[in-house]
Amino acid sequence: MLLKRGNSLKVIVVLTMKHILKIMTLVVVVVGLWISLLQTSVVPRSYTWLLPVYLIISLGCYGLLMVRIGLILFPTCLHEAVLLQKDIVEAKEFLTGVFPTPCPSFNYQ
């Protein structure tokens, strides 16, 4: 099934809205949990007020971990690098055949 431009834009908007709804649901759950811990006094108040700070620090550590894992597992594409170099040489040969050589007496500055 081929998507027209308008339909693909609708799909992108719907997927983006679903992602935003997931994030907002997570935020509401975390805030609700935090407020319930404040109200029920299960955890001492001095610890409860620090929970958002702990959450932000742990999310930062998680993000750094994911970036490092991505860098460690990033594939080296030696075969693709060789193909790219061949394409560059081929493009240079093609362009020198299409465009005339510049005039040596012309000042390009």
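Quick caveat, the model's predicted, so the values are computed rather than measured.

Asks: Lay out the overall build of the protein chain in plain terms, naming residues and giving numbers.
Replies: Regarding its fold elements, the protein chain presents 4 helices and 0 strands. Counting from the amino terminus, helix and strand elements in the protein chain follow one another as α-α-α-α. Taken as a whole, the protein chain presents about 10,400 Å² of accessible surface, with 75% of it coming from carbon and sulfur.

Asks: Could you give an account of the UniProt feature "transmembrane region" (unreviewed entry) in the protein chain, with specific residues and numbers?
Replies: If you check UniProt for "transmembrane region" (unreviewed entry), the listed places come out as residues 20–37 and 49–74 in our numbering. End C-alpha to end C-alpha, residues 20–37 measures 26 Å, and it is 100% helix and 0% strand. The span residues 49–74 carries 85% helix and 0% strand; its end-to-end C-alpha distance comes to 39 Å.

Asks: Explain a nonpolar patch on the surface residue by residue, including any values.
Replies: A contiguous nonpolar surface patch, about 630 Å² in accessible area, is contributed by Tyr62, Leu65, Met66, Ile69, Ile72 and Leu73. Here Leu73 falls in the exposed class, since its relative accessible area comes to 63%.

Asks: Help me get a handle on the confidence of the model for the protein chain, residues and values and all.
Replies: Across the protein chain, the average pLDDT comes to 76, with 74% of residues at or above 70. Element-level mean pLDDT values for the protein chain span from 73 in helix H2 (residues 45–48) up to 86 in helix H4 (residues 78–98).

Rules used throughout
Residues numbered from 1 in each chain as written. Predicted model: local features only at pLDDT ≥ 70, side-chain atom pairs only at ≥ 80, totals over all residues. Heavy atoms only, no water. Helix = DSSP H or I, 4+ residues; strand = E, 2+ residues; numbered from the N terminus. Areas by Shrake-Rupley, 256 points an atom, 1.4 Å probe, with all protein chains shown as cover. UniProt positions renumbered as here; feature names shortened; annotations may be inferred. Patch = residues over 30% accessible without salt bridge, like charges linked within 9 Å, V, L, I, M, F, W, Y side chains within 5 Å. Salt bridge = Lys/Arg side-chain N within 4 Å of Asp/Glu carboxyl O. Buried < 20%, exposed > 50% of the residue type's maximum accessible area, 1.4 Å probe, protein only. pLDDT = per-residue confidence, 0-100.

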